[in-house]
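A structural walkthrough
Here is what each chain is made of, one letter per residue.
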Amino acid sequence: MPRSLPQVPGLTVARFEGWYAGADLPEGPPPRVAGRVLGELFARAERGGGDLHDPTAELLRWLLRDVVRDGIDPGDDYDLVLMTLVRYLLFLRRTERWRRSERAVQDCWDVTTWGTQPPLGLGSLGPTVDESVATGLAAVPSAHDVLGAGAARPFLGFLRATLDVLGTGPSLPRSAAARLVGLADGTVALRLWVDALHETGLVRVDGGGQVLEARGEVRDAGGCPPPSADLVDLVVMGLVRAAVDSAFGAALRSDDQRRPLAAAAALAVALVAGCDESYLLAEHEDDEEESTASVVTQMAQAMLGDDAAGLAPVTAEVMRTLDALASLGLLDDVVLERGSHVLLVPEALRHRVIRTLSDHLGVVGTDDTAVVWAPVDLPSTLPEGAGVELTAALGGVDVVRLRVGAATSLGDLHRVVSFALRRPVARRHVYCHVDGVRRFTGTSWLRSFEERDDAEVTDDGAVAVGAVLAEPGAELDLVLDGTPVPVRLRVGAVLATAPATAVVVGPDGAEEPLAARHAVLDARLPPGSGLARHLLVLAATGRHDHAGLVGVALDLVTADDFGRRFPGERRPTQGEAVALVEEVVAEHRRLVPRASPGAQALLRALTTLPGRGVAVFLAGHTWTPASSPLGHVATTAREEARAILTDEVTLTYGGPDRSDDAAAERVGRILAEALTEAGLDLDWDGDPRWPVVVTPLRWEWPFGVPLD
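This is a predicted model, so every value here is computed, not measured.

1. Remarks on the overall build of the protein
The helix and strand inventory of the protein stands at 25 helices and 20 strands. With the C-alpha coordinates aligned to their principal axes, the bounding extent of the protein is approximately 100 × 55 × 50 Å. Looking at the protein as a whole, 51% of its 708 residues qualify as buried. As presented, the protein carries roughly 31500 Å² of accessible surface, and 52% of it is formed by carbon and sulfur atoms. Of the side-chain charges in the protein, 66 are positive and 100 negative, and the distance between the mean point of each set is 6 Å.

2. As for the packing of helix 19 (residues 530-541) against helix 24 (residues 637-646)
Helix packing geometry: the angle between the two helix axes and the distance between the axes. Relative orientation of the contacting elements helix 19 and helix 24 amounts to 100 degrees, with a least axis distance of 9 Å. On the basis of their axis angle, the class for helix 19 and helix 24 is roughly perpendicular. In contact with Val-537, Ala-540 and Thr-541 of helix 19, helix 24 contributes Glu-640, Ala-641, Ile-644 and Leu-645. Broken down by class, the residue content of the contact of helix 19 with helix 24 amounts to five nonpolar, one polar and one charged.

3. A closer look at the pattern of salt bridges
Two side chains with opposite charge may pair up if their charged atoms get near one another. By the definition in use, this model includes 43 salt bridges. Here Asp-359 and Arg-355 are joined by a salt bridge, their closest N and O atoms 3.4 Å apart. Linking Asp-359 with Arg-355, this pair stays in helix 16 (residues 350-361), spanning four residues, or about one helical turn. Residue Asp-359 shares its accessibility class with Arg-355, and that shared class is buried. Between Arg-422 and Asp-681 there is a salt bridge whose closest N-O contact spans 2.8 Å. Taken together, the positions of Arg-422 in the loop between helix 17 (410-421) and strand 8 (429-432) and Asp-681 in the loop between helix 25 (661-677) and strand 19 (682-683) put the pair 259 residues apart, joining distant regions of the chain.

4. Considering the nonpolar core
Ranked by size, the top nonpolar core spans 86 residues in total, and within it Phe-155, Leu-159 and Trp-193 carry the most contacts. Ranked by residue count, the leading element in this core is helix 13 (residues 258-275), at 13 residues. Once residues within four sequence positions are removed from consideration, Leu-159 is found in contact with Trp-193, Leu-197, Leu-202, Cys-224, Leu-231 and Val-235. Residues Val-552, Phe-566, Val-585 and Leu-707 belong to the second largest nonpolar core, which totals 63 residues.

5. What to know about the pairing of strand 7 (residues 397-405)
By the bridge criterion, eight bridges tie strand 6 (residues 387-394) to strand 7 in an arrangement that is antiparallel. Along strand 7, the bridge assignment pairs Thr-391 with Arg-401. A loop of two residues connects strand 6 with strand 7, the two strands running antiparallel in sequence, and Gly-395 in this loop sits at a positive phi of about 60 degrees. One ladder, built from three bridges, connects strand 7 with strand 13 (residues 503-505); its direction is antiparallel. In the strand pairing of strand 13, Arg-403 is matched with Val-503.

6. Looking at the packing of aromatic side chains
Under the defined criterion, the tally for this structure stands at eleven aromatic pairs. Here the aromatic rings of Phe-42 and Tyr-88 are separated by 5.9 Å at their centres, their planes lie at 75 degrees, and the arrangement is edge-to-face. Pair noted here: Phe-42 is in helix 2 (residues 31-47) and Tyr-88 is in helix 4 (residues 76-94), with a separation of 46 residues, a long-range link. Taking 5.8 Å as the distance between ring centres and 80 degrees as the angle between the ring planes, the aromatic pair formed by Phe-158 and Trp-193 counts as edge-to-face. You can see Phe-158 sitting in helix 8 (residues 154-166) and its partner Trp-193 sitting in helix 10 (residues 188-200), a full 35 residues away along the chain. Trp-193 carries the same exposure label as Phe-158, and that label is buried. A connected cluster of aromatic rings, assembled from ring pairs, spans Phe-16, Trp-19, Tyr-20, Phe-42, Tyr-88 and Phe-91. Taking NZ or CZ as reference, Arg-428 lies 4.3 Å from the ring centre of Phe-449, over its face.

7. Concerning the environment of Ala-316
Following the sequence through the fold, Ala-316 ends up in helix 15 (residues 311-328). Sequence separation of Ala-316 and Ala-293 is 23 residues, and the distance between their C-alpha atoms is 9.3 Å.

8. Here's the deal with the sheet that holds strand 16 (residues 621-623)
Strand order in the open sheet formed by six strands is 16-15-17-18-20-19, with mixed pairing between adjacent strands. Among the strands making up the open sheet, the edge pair consists of strand 16 and strand 19. The pairing of strand 15 (residues 614-618) with strand 17 (residues 631-634) spans four bridges and is parallel. Across the sheet, residue Val-616 finds its bridge partner in strand 17, namely Val-633.

9. Some points on the side chain of Asp-460
Among the secondary structure elements, Asp-460 is positioned in the loop between strand 10 (458-459) and helix 18 (465-468). One polar contact links the side chain of Asp-460 to the main-chain amide nitrogen of Gly-442, over a distance of 3.5 Å. Those residues within four positions of Asp-460 in sequence are excluded, and the remaining contacts are Ser-409, Leu-410, Gly-411, His-429, Tyr-431, Phe-440, Thr-441 and Gly-442.

10. Concerning helix 14 (residues 292-304)
Between its first and last C-alpha atoms helix 14 spans 18 Å; for 13 residues at 1.5 Å apiece the expected length is 18 Å, and the two agree. Buried within helix 14 we find Thr-292, Val-295, Val-296, Met-299, Ala-300 and Leu-304. Along the long axis of helix 14, the arc covered by the buried residues comes to 150 degrees, so they all point the same way. Buried residues in helix 14 make contact with helix 13, helix 15 and strand 5 (341-344). Where helix 14 ends, the next residue or the one after it, Gly-305, has phi of about 65 degrees, a positive value.

11. Some thoughts on the confidence of the model for the protein
Of the residues in the protein, 97% reach a pLDDT of 70 or more, and the chain-wide mean stands at 89. Between the elements of the protein, mean pLDDT differs from a low of 81, seen in strand 14 (residues 511-513), to a high of 97, seen in helix 18. Here residues 1-6 scores under 50 on pLDDT; set against residues more than four positions off or in separate chains, the count is 15 contacts.

12. Side note on the packing of helix 6 (residues 127-138) against helix 16
Where helix 6 meets helix 16, the axes come as close as 8 Å, and the angle between the chain directions of the two elements is 120 degrees. In terms of axis orientation, helix 6 runs oblique to helix 16. For the pair helix 6 and helix 16, the sense of crossing is left-handed. When helix 6 is examined against helix 16, the residues Ser-132, Val-133, Gly-136 and Leu-137 are found in contact with a partner set consisting of His-351, Ile-354, Arg-355 and Ser-358.

13. Topic: unusual backbone geometry
Here the amide bond leading from Thr-695 into Pro-696 is cis, since omega sits at -10 degrees, within 30 degrees of zero. Position of Pro-696 among the secondary structure elements: in the segment after strand 20 (692-694). A positive phi angle, near 60 degrees, is found at Asp-647, a position not held by glycine.

14. Some points on the sheet that holds strand 1 (residues 172-173)
Spatially, 1-3-2 is the arrangement adopted by the three strands of the open sheet, whose pairing is antiparallel. Either end of the sheet is taken by a strand with one partner, and the two such strands are strand 1 and strand 2 (203-205).

Conventions we followed
- Residues numbered from 1 in each chain as written.
- Predicted model: local features only at pLDDT ≥ 70, side-chain atom pairs only at ≥ 80, totals over all residues.
- Heavy atoms only, no water.
- Helix = DSSP H or I, 4+ residues; strand = E, 2+ residues; numbered from the N terminus.
- Buried < 20%, exposed > 50% of the residue type's maximum accessible area, 1.4 Å probe, protein only.
- Areas by Shrake-Rupley, 256 points an atom, 1.4 Å probe, with all protein chains shown as cover.
- Lys, Arg positive; Asp, Glu negative; His and termini not counted.
- Charge placed at Lys NZ, Arg CZ, Asp CG, Glu CD.
- Axes fitted to C-alpha atoms, helices over the stretch in contact; angles between N-to-C directions.
- Parallel < 35°, antiparallel > 145°, perpendicular 65-115°, else oblique.
- Contact = heavy atoms within 4.5 Å.
- Nonpolar A, V, L, I, M, F, W, Y, C, P; charged D, E, K, R; others polar.
- Salt bridge = Lys/Arg side-chain N within 4 Å of Asp/Glu carboxyl O.
- Core = buried A, V, L, I, M, F, W, Y, C linked by side-chain atoms within 4.5 Å.
- Pairing = 2+ DSSP bridges.
- Phe/Tyr/Trp six-rings, centres within 6.5 Å; stacked < 30°, edge-to-face > 60°.
- Lys NZ or Arg CZ within 6 Å of the ring centre and 35° of its normal.
- Polar contact = N/O pair within 3.5 Å; in protein donor to acceptor, adjacent residues only side chain to side chain.
- Expected span 1.5 Å × (residues − 1).
- Arc of directions from axis to C-beta.
- pLDDT = per-residue confidence, 0-100.
- Left-handed = near helix turned anticlockwise from the far one by under 90°.

Structural data, given as C-alpha cells:
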C-alpha cells in the first residue's frame, strides 16, 4: 500500500521549504531556517519512536517537552520551533497530506495554541505523584460525563453570563465582569477567572487585565457557544493554567529562584492529590490522613530545601490559589473519615486537570524517552502472500463470501464489498470495532470526523486487511452511508496463498474475480511520476487517441503551472514527454486488453438514447437523434477521470432550455430507464437538479478502440 509520494523526511522538508517560500503567510522564520528546524524535529521524533509525517497531539506534546529538556532558549529558540510546527501543520493541510481525522488535526492545533508558553520542565513530581499522573492521563472520561459534571459547576454559569454579554457588546470592564459573576474586585478568584478566560482563547484581555473583549467564536455565536464537553474542557484547562501561572508568578517576586518552581509543584501536587484520593487516605490504621494543606507543605519543603523562610509565603499563596479554584467550582471541599479537609476535583474533570498540568509542567508520570505513538500505516501481520476468507453479514444474515489478499488495504476492501453488495462506492463509509468505536475511513471523509471520540480515525488506505483481520473469528464492522445496518466482516479462514485478485465465492464454491480497483491504479510506471499517472488516467477514459494524448502531454510540460500541478517533479523535455506517452499507452494496453462488462453495458444503454430522442456526449464522442432532440446526456472530462478513480460514472442531463426542470426530469427518466434495462445500478432520486450516478461501474476500455 505505497503512498503516492515517498515518506522520506529530507524530501518532505524540501517540499515544505518550497511550499513555504511561495505561501502567503504572516512574517516568520525564513524558509531555509524553518526547513532546518523541521529536519531537526523529524530526527528528534524518530529518536523517540514517532513519525512527524503523521503527527498527533501526543507527538507534538512530546516534542515540545523534549526540546525544553535539552535546555533550549525559552525565548527565541523555542519560538522558532513553535512557529515552524505551526507552518508545518498548515503545509499538511494545504497540500492535503493529513491522514488522520479532523478531530486529530484540531487536537494538534490546540497543542500549538497552549504551547506558546514553554513547559516548565519539572519532569517529575516524585514517584507516587508521577504514578497518579500516568493513571489520570490514561483514564479518559466520556463526553457525556464531562458535560454533565461541567454543567453543574459554577464556572460554566460564569462563562455563559460573561460571554453572552461580550457577544452583544464591544468590551467589558474588569469591574463589570466581577459584578456579573459575583466575585469581589481585587480577589485571587477574580484574577484567576479573568486569566482563565484569556487562556481559553474565547476572550482577549488587555495588557493590564482591565478590559475584556470577545474573540471571533464568541462574536460569531453572539454569545456563549453551545454547552459541550469541549467547552467544559476548555474552561478547566484555562483555570488550571491560570492557577499554576498565578502561584508561579507570585513567587517570582522573591529573591530565591527556587520558590516559583516550588509554588508550581506544590499546587500541581495538590491538584493531582485532588484527582486521586488514595494519595490522601491512610493506608493503615496507625497512619494519618493527609489534608490538602499538608500535601502542599510537604511538596514545598522538598522543593525549597534549606530556604525555610520561603515555606510560609509559598504555602500561603498556593492555598489562596486553591481556595479560589474551589470558589469557582473546580474543587470541592470534602472532609475525610478522620476529619482531614481536602479539595477534590470532580471525577469527570480529573483527566483534563491532569492533562493540563502535564502539558504545562512537562510531567507525564512515566519514562518520557519515547513518545506514545499510534502509526497510520498498519501492514499485514500475516506471512507475505497470505490471504483471508471473509464473510459479510447484514443484520446477522451472511450475504456474501470473499477471498482477498492480506496485504489488501481496507480502502480497497471497502470497494470490493461495495461491488459485491452492489452498493455505491464513493459514499461516506467508516470501519468500526464491533463495540461501535470508529477507526478507519477514506481520505476524502477524514474531515467529517470531528467529534471527541473520532481522534483515532485514520486513513483506511494505509491499513492492510491482515493488520486487523488476521485470525479466524476476528470481526470488523463496515458502516456504509445509506445502509441501515453495518456490514459485519468476519474472518472464516486464513489462506496460505492469496488469490491474484479479490474473488466472490458462490454457494457452490465457484470463484468470481472482483478487482478492488481499476487496473491502471496499480500500473508499473516511473516511481513518483505524477505526470505519468495523470496521463494513464486520461488514456483510460477513452477520450483521447494517440495523437490527442501526445498533445495533452506537450501542453502539460510546457505550461507555467507544471510545478504546482506536479510538485517535486522535474519538468520533462518535449521529447521525454512523447516517450512517456508511448510508455503509458503500452502499459494501458497491457492492463486493459478488453472492455469491461460494465463499460459495455453503459455504452449499450447510452447508444439507445438517440432512438429515444436524446443526444449523447460521452468521452469526446457524440450520438444524436435524427430529429430535434428532447435533450441531452453528457459526461465531462473531469468526471470521466474521476470514474477511473471511484468506479462511479456521473451523467449530467437536461432539456433544450436549461431552466426547464420538467424537460430535464423527462430526459433523466429516459436515461434512468435505459440504464436499468442494461442491468446497471444507479443513484438518482428523480430530482432534475441532481445528476444520475451509475454505481458501482468499472470503466475499462482498450486504448485506441473506438467507442462507436
